[in-house]
Amino acid sequence: MQGAVQLNILQFSLIYLLLIIVLIIMKRSKINQSKFLLVASIRMTVQLVLAGLILTYIFKNPHPIFVILYLTAMTVFSIGRVLGKNKGVNQNFKIAVGLSLALSGLFVLAFFVLAVVGENIFNPQYTIPLAGMIMGNSMTGVTLGLKTFTDSIKTQRNKIDALLNLGVTPKKILIPYVNNALETALLPTMNSMIGMGIVSLPGMMTGQILSGTLPTTAIMYQIAIMIAICTAVCLTVFCSLHFGYKTLYNKRNQIIY
Amino acid sequence: MNFIVGNSGSGKSTLLRLFNQTLSQSSGNILFAGKDIEEMNTIDLRKNIMLISQSVFLFDTTIRENFKLFYEYRGLNILEDANMQEYLAMCNIFFPLDKDCTSMSGGERQRVYIAIFLSFLPKVLMLDEPTSALDKENSNIVISNITGYCQKKEITVIIVSHDSMITETFAENLITIERRAI
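None of these values were measured; they are calculated from a predicted model.

Caption draft 1: Seen up close, the interface of chain B and chain A. The partner chain A presents 17 residues to the 27 residues of chain B that form the contact. For the chain B and chain A pair, buried surface summed over both sides reaches about 1900 Å², with 54% attributable to carbon and sulfur atoms. Three residues, Ile 43, Arg 46 and Tyr 73 of chain B, lead the burial of chain B against chain A; their summed loss comes to 35% of the area buried on that side. Joining chain B to chain A, the criterion identifies 15 residue pairs in polar contact (both at pLDDT 80 or more). When contributions to the side of chain B that touches chain A are tallied by element, the ones reaching two or more residues are α2 (42-48), β4 (49-52), α3 (63-73) and α5 (106-118) of chain B. Here the side of chain B that touches chain A takes four residues from α2 of chain B, the largest share from any one element. Split by residue class, the side of chain B that touches chain A holds 14 nonpolar, eight polar and five charged.

Caption draft 2: Representation of the side chain of Thr 42 of chain B. Of note, Thr 42 of chain B is situated in helix α2. Ignoring any residue separated from it by four or fewer positions in sequence, one finds Thr 42 of chain B in contact with Arg 252 and Asn 253 of chain A together with Gln 21 of chain B.

Caption draft 3: Here's a closer look at the side chain of Asn 123 of chain A. Take Asn 123 of chain A: it is sitting in the loop between α5 (91-117) and α6 (124-155). At 2.8 Å, the side chain of Asn 123 of chain A and the side chain of Glu 119 of chain A are in polar contact.

Caption draft 4: Inspection of the domain arrangement of chain A at higher detail. All names here are of chain A. Domain parsing of chain A yields domain 1 (1-61) and domain 2 (64-248). For domain 1 versus domain 2, the distance between C-alpha centres works out to 26 Å. In this assembly, 11 residues from domain 1 lie in contact with 12 residues from domain 2. Across the domain 1 to domain 2 interface the summed buried area is about 870 Å²; carbon plus sulfur atoms make up 79%. Seen at the junction of domain 1 and domain 2, the total is zero salt bridges. For the interface between domain 1 and domain 2, the tally reads zero residue pairs in polar contact (both at pLDDT 80 or more).

Caption draft 5: Inspection of the nonpolar core at higher detail. Among the nonpolar cores identified, the biggest contains 96 residues, and Phe 149 and Leu 174 of chain A together with Phe 70, Leu 125 and Ile 146 of chain B are the most heavily contacted of them. With 10 residues, α6 of chain A is the single largest residue contributor to this core. With residues up to four places along the chain from it excluded, the contact list for Phe 70 of chain B reads Leu 163 and Leu 166 of chain A together with Phe 57, Leu 58, Phe 59, Ile 116, Phe 117 and Phe 120 of chain B. The next biggest cluster of nonpolar side chains, apart from the first, holds 16 residues, and it includes Leu 15, Phe 32, Ile 37 and Ile 177 of chain B.

Caption draft 6: Looking closely at the sheet that holds strand β5 (residues 124-128) of chain B. Residues and elements named next belong to chain B. Strand order in the open sheet formed by five strands is β4-β5-β6-β1-β7, and the pairing between neighbours is parallel. The two strands at the open ends of the sheet, each matched to only one other strand, are β4 and β7 (173-177). Ignoring which end each strand starts from, the neighbouring axes of this sheet average 20° apart. Bridge analysis of β4 against β5 gives four bridges, and the strand direction is parallel. Bridge pairing links Leu 51 to Met 126 in β5.

Caption draft 7: Region of the structure containing α5 of chain B. With 13 residues, α5 of chain B should cover 18 Å at 1.5 Å per step; its first-to-last C-alpha distance of 18 Å lies within 8% of that length. Most of α5 of chain B is tucked away: 11 of the 13 residues are buried. All of the buried residues along α5 of chain B are Gly 107, Arg 109, Gln 110, Arg 111, Val 112, Tyr 113, Ile 114, Ala 115, Ile 116, Phe 117 and Leu 118 of chain B. Structurally, α5 of chain B contributes buried residues whose contacts are with α7 (157-165) of chain A together with β4, α3, α4 (81-90), β5 and α6 (136-152) of chain B.

Caption draft 8: Structural view of the packing of helix α9 (residues 203-210) of chain A against helix α10 (residues 215-244) of chain A. Residue and element names in this part refer to chain A. Where α9 meets α10, the axes come as close as 9 Å, and the angle between the chain directions of the two elements is 155°. The angle between α9 and α10 places the two elements in the roughly antiparallel class. Between α9 and α10 lies a crossing whose hand is right-handed. Contacts from Met 204, Met 205, Gln 208 and Ile 209 in α9 reach Pro 215, Ala 218, Ile 219, Tyr 221, Gln 222 and Ile 225 in α10.

Caption draft 9: Region of the structure containing the pattern of salt bridges. Residue and element names in this part refer to chain B. With the rule as written, the count across this model stands at four salt bridges over all chains. A salt bridge links Arg 64 to Asp 98; the nearest nitrogen and oxygen atoms lie 2.5 Å apart. One end of the pair, Arg 64, is in helix α3; the other, Asp 98, is in the loop between α4 and α5, with 34 residues separating them in the sequence. Here Asp 98 falls in the exposed class, since its relative accessible area comes to 54%. Taking the shortest distance from any N to any O, the salt bridge between Lys 68 and Glu 72 comes out at 3.6 Å. In this pair, Lys 68 and Glu 72 both sit in helix α3, four residues apart, roughly one turn of the helix. Owing to a relative accessible area of 32%, Lys 68 belongs among the partly exposed residues under this scheme. Accessibility expressed as a relative area gives 43% for Glu 72, which makes it partly exposed.

Conventions used here
Residues numbered from 1 in each chain as written. Chains lettered and ligands numbered in written order. Predicted model: local features only at pLDDT ≥ 70, side-chain atom pairs only at ≥ 80, totals over all residues. Heavy atoms only, no water. Contact = heavy atoms within 4.5 Å. Buried area = accessible area lost by both parts, 1.4 Å probe. Polar contact = N/O pair within 3.5 Å; in protein donor to acceptor, adjacent residues only side chain to side chain. Helix = DSSP H or I, 4+ residues; strand = E, 2+ residues; numbered from the N terminus. Nonpolar A, V, L, I, M, F, W, Y, C, P; charged D, E, K, R; others polar. Domains from an automatic or database assignment. Salt bridge = Lys/Arg side-chain N within 4 Å of Asp/Glu carboxyl O. Core = buried A, V, L, I, M, F, W, Y, C linked by side-chain atoms within 4.5 Å. Buried < 20%, exposed > 50% of the residue type's maximum accessible area, 1.4 Å probe, protein only. Pairing = 2+ DSSP bridges. Axes fitted to C-alpha atoms, helices over the stretch in contact; angles between N-to-C directions. Expected span 1.5 Å × (residues − 1). Parallel < 35°, antiparallel > 145°, perpendicular 65-115°, else oblique. Left-handed = near helix turned anticlockwise from the far one by under 90°.

Right, dumping it as structure tokens:
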């Protein structure tokens, strides 16, 4: 096995030519999102270049404070994204989501790095990329779960009111929506696990193989990260919704919409 | 038979929600059987003072399944078919129990909804615009049957209605609410 071929800027720039195909298809299909594609491509490039520069610096000068700062930035950004996509939730619900995302993600990350890999949690080479994958997927999962939950509550208000008037406890009324949202949030992760190795060679594994890691080692890391992601998504959504739904009613069993 | 009337927005529905404590009053006390309802368990209170709201909700399934699901939510055993039919008949519904509720008209759905709630036999039954989706004939039959049955079972009935014909025919106590005054 040899390491990945080092790309020079010219070679690397060729990949952007593929975006022209996307632009042509969008134009032909009258999808008016070419500006969005441009912005997304530029934002991705700038963000990743910045991340690359920062990571290069951190790897050369490893220090626990850099890892803590990077993890904090990641967590704050992901919490901000989730809450930005679900503006209708109350303050206590937001706190529940934020704490669940931060604590569940960090718990799974710590288990992965300390117990499975057996590395120091402040080793940036392991902790930062693994945290990125875990937090990123948890963020997507909880955004989906929270949106499913809040949409159901909004559209099912008649049902909720009818059951409340009948003398059913808010807990009994709301728990089915929590369970349904958890299932919805978990489906994309489980679907990708089903297709893995057959439909797709996932990003982390591809990256490791390209950089010269033995496929058997890359596979073990991939399996481990998929299980870690599944657990983190499940734990984050479960905690967010289980602590969150309780903020939707008061001691008088009145639902606060 | 107690009727509450008043203009739209005067607070009739809000008053019913205060009675079953799905809403709390900002001041004052509401007594039920001599007890302040704020000191009572709200779930027990709602089982005793049951509100049939004007927005009908039925599960997208048959009449029998609807009875079953509502009873399951209350943690009770489902009624016998004959009992279900008895309550449905009071509301002038004579469909087979396997009839799918999604294919019913608004008025039919409203009557099935009332029948299900009535079958729980609360101490106080509050109906918010129970005839809003019904024609004159059906309104008369349903209200007459419900009031007759509730009298027999000693269930207090409170009805909010805009329907002057129903109010004049059935009201024993008439409460008129105006904004800021009763």
